[in-house]
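Here's the letter readout for the chains.
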Amino acid sequence: MILVDSTIVSTAMPAIMNGLDTDINGVIWVNSAYLLAFAVPLLITGRLGDRFGPRTIYVIGLVIFTLASLWCGLSGNITTLIIARVVQGLGASMMSPQTMTFITRMFPYARRGAAMGVWGAVAGIATLVGPILGGIFVDTLGWEWIFFVNVPVGIIAIWRVLLKAPELERHSTSFDWLGVILSAAAMFALVFGIQEGNAHEWGPFMGPIGSWHLIIGGLVLLGVFIWWQSATRAAPLVPLRLFKDHNFSLGNIAIAFMGLAITAMSFPMVFYLQSVRGMSPTVSALMLAPMAVIAGVLAPLVGKNIAKFEAKYFAVPGFFLFGAGITVYGLILREDTPIWLLLLPPVIMGVGSAMIWPSVSLAATRGLGQADAGAGSGVYNTTRQVGAVLGSALIALMMESRIAVESEKAVASMAAGSAGAPSGVGSSEMGSGSAVPEFLHHAFSLALGQALLLPGIVAMAAALVALMFRKGAHKN
């Protein structure tokens, strides 16, 4: 449910823009608000699972997530939808760390790779089901149903968890509330500053409080947060001793890069397929389906065999293939690119994705004992979501800036040959969610392709991080 709701919105973004009369920045905030509310509490929700039991916290999060989904579907304006998505993200933050806690605490190391493989396959299936379901619902019932569908699924899931999920041992722990406040303030300042900076043309550094001040303030707060985690005598929100484990540290960096790349890649692809090529939401989702199908099939196979080899033997080529696939997609994006050619990069990305999820998860949790499972999974999931939040903010910046630049070039070129050329076009052309005017097809294709280079390069950089994984001891 969590991953489907992260991907299902991307397919419906043009429809939401049209239905709620908003622009690119507004609709990307629908996703960013969810990811931000998801990421910030993950550190403490992992600890809540240790204290009150992962099953209890999981069910509470599932109830919140399900009710918030109903609220999202009933939203009549963009502000209400963003607020509902915040609540939905809070529910997701309670659920997510418990999944890895269950795997780490229930499975010995020899069997953990297979469990992580199934976990990775579910992620692959979600990236397939989300966009396709989103497309079908938008084409038939309306964008609201991408949220309504969670209600019956949530009810069934609550019933099954209460019936089947075991109660695990609880570990008494205190909470670092100052750490919660510092981390939340730092993340909000960074993300809001990055995403809103381009909308307000960044503005001068001197003068009223603006984006640059928020970004710098966020970095300062992040530094204070890290200092506090090392200084506090109470149970810290992020036990810095976890980062003495070489693979845990590198695994967190790698998964943050993956979170950024996988979140940032979907927006330009969907806008290109729907707004430039004129595809319906369903067809545009099917264009990206090869990635999810291949990832869903291969991830369990990788998981079953990964314990026999070093994690980096899967992670390094996986990150390289995933990043190369995104980069190639960006380079071939033109208004007349053959459809068959657009289907090839998602195949490469699917192979890479299947190799990444189980290998990085296993490498990061290899050295965690039972007592650190909740804290470790909370930190790991947080870094992945921090990457996703930054990816959402950065891709909004990239898309708006590149669309504005390329659109101005297109208008200037037309003006040179025609006195009646249109003016004042840019990213606002997509403000209503309608198709892009034909004379801007080349400019938009080029701009969206340039935006895709960001997640592509980041994913390939993660391959260098994974190359440093060590074959170390593990704890059951």
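Here, the structure is the one placed above.
As a starting point, this report considers the structure included with it. (Residues numbered from 1 in each chain as written. Predicted model: local features only at pLDDT ≥ 70, side-chain atom pairs only at ≥ 80, totals over all residues. Heavy atoms only, no water.)

### Some words on a nonpolar patch on the surface
In step 1: On the surface, a cluster of nonpolar side chains totalling about 480 Å² of accessible area is made up of Trp212, Ile216, Val220, Val224 and Trp227.
In step 2: Note on placement: Val224 falls in helix H10 (residues 211-231). (Patch = residues over 30% accessible without salt bridge, like charges linked within 9 Å, V, L, I, M, F, W, Y side chains within 5 Å. Areas by Shrake-Rupley, 256 points an atom, 1.4 Å probe, with all protein chains shown as cover. Salt bridge = Lys/Arg side-chain N within 4 Å of Asp/Glu carboxyl O. Helix = DSSP H or I, 4+ residues; strand = E, 2+ residues; numbered from the N terminus.)

### Looking at the packing of aromatic side chains
In step 1: In total, this model carries five aromatic pairs according to the counting rule given.
In step 2: Ring plane angle 50° and centroid distance 6.3 Å describe the contact between Trp227 and Trp228, whose orientation is recorded as tilted.
In step 3: Looking at Trp227, the relative accessible area reads 54%, which means it is exposed.
In step 4: Stacked on the ring of Tyr34, the Lys or Arg Arg85 has its end atom at 4.2 Å from the ring centre.
In step 5: Across the ring face of Trp159, the terminal group of Arg160 is positioned such that the distance to the ring centre comes to 5.0 Å. (Phe/Tyr/Trp six-rings, centres within 6.5 Å; stacked < 30°, edge-to-face > 60°. Buried < 20%, exposed > 50% of the residue type's maximum accessible area, 1.4 Å probe, protein only. Lys NZ or Arg CZ within 6 Å of the ring centre and 35° of its normal.)

### Thoughts on the environment of Thr45
In step 1: Within the fold, Thr45 resides in helix H3 (residues 42-52).
In step 2: Taking the relative accessible area as the measure of exposure, Thr45 reaches 3% and is therefore buried.
In step 3: Note: C-alpha distance between Thr45 and Ser377 (332 residues apart in sequence) is 10.0 Å.
In step 4: Ignoring any residue separated from it by four or fewer positions in sequence, one finds Thr45 in contact with Ile57, Ser93, Met94, Pro97 and Gln98.
In step 5: For Thr45, the side chain forms a polar contact with the main-chain oxygen of Ser93, separated by 2.7 Å. (Contact = heavy atoms within 4.5 Å. Polar contact = N/O pair within 3.5 Å; in protein donor to acceptor, adjacent residues only side chain to side chain.)

### Describing the pattern of salt bridges
In step 1: Counted according to the given criterion, the structure contains three salt bridges.
In step 2: With a shortest N-O distance of 3.4 Å, Glu406 and Arg402 are connected by a salt bridge. Of this pair, Glu406 and Arg402 both sit in helix H16 (residues 373-417), four residues apart, which is roughly one turn of that helix.
In step 3: Note on Glu406: relative accessible area 6%, which makes it buried.

### With respect to the environment of Ala324
In step 1: One can find Ala324 in helix H13 (residues 312-332).
In step 2: Judged by relative accessible area, which is 19%, Ala324 ranks as buried.

### Re helix H12 (residues 281-306)
In step 1: Its 26 residues give H12 an end-to-end C-alpha distance of 36 Å, which sits within 8% of 38 Å, the value for a rise of 1.5 Å per residue.
In step 2: The largest bend in H12 amounts to roughly 45° and is located at Leu288, with the proline Pro290 lying one to four residues further along. (Expected span 1.5 Å × (residues − 1). Bend = angle between axes of the 7 residues up to and from the residue.)

### Let's talk about the packing of H13 against helix H15 (residues 344-365)
In step 1: Relative to each other, H13 and H15 sit at 150°, their axes nearing to 7 Å. As judged from the angle between their axes, H13 and H15 are roughly antiparallel. Read as a crossing pair, H13 and H15 show a hand that is left-handed.
In step 2: Classifying every residue of the contact of H13 with H15 gives 19 nonpolar, five polar and no charged. (Axes fitted to C-alpha atoms, helices over the stretch in contact; angles between N-to-C directions. Parallel < 35°, antiparallel > 145°, perpendicular 65-115°, else oblique. Left-handed = near helix turned anticlockwise from the far one by under 90°. Nonpolar A, V, L, I, M, F, W, Y, C, P; charged D, E, K, R; others polar.)

### Details of H3
In step 1: The element H3 is largely enclosed, with a buried count of nine among its eleven residues.
In step 2: Backbone geometry just downstream of H3 places Gly53 in the positive-phi region, at approximately 95°.

### Digging into the nonpolar core
In step 1: With 98 residues, the main nonpolar core has Ile16, Leu81, Ile146, Phe319 and Phe322 as its most contacted residues.
In step 2: When residues in this core are grouped by element, the largest group, 17 residues, is from helix H11 (residues 246-276).
In step 3: If you look at the next biggest cluster of nonpolar residues, it comprises 27 residues, including Leu36, Met187, Val389 and Ala393. (Core = buried A, V, L, I, M, F, W, Y, C linked by side-chain atoms within 4.5 Å.)

### Observations concerning unusual backbone geometry
In step 1: Despite not being glycine, Asp21 shows a phi value in the positive range, around 55°.
In step 2: By the secondary structure assignment, Asp21 is in the loop between helix H1 (2-19) and helix H2 (24-39).
In step 3: The exposure class assigned to Asp21 is exposed, which follows from its relative accessible area of 70%.

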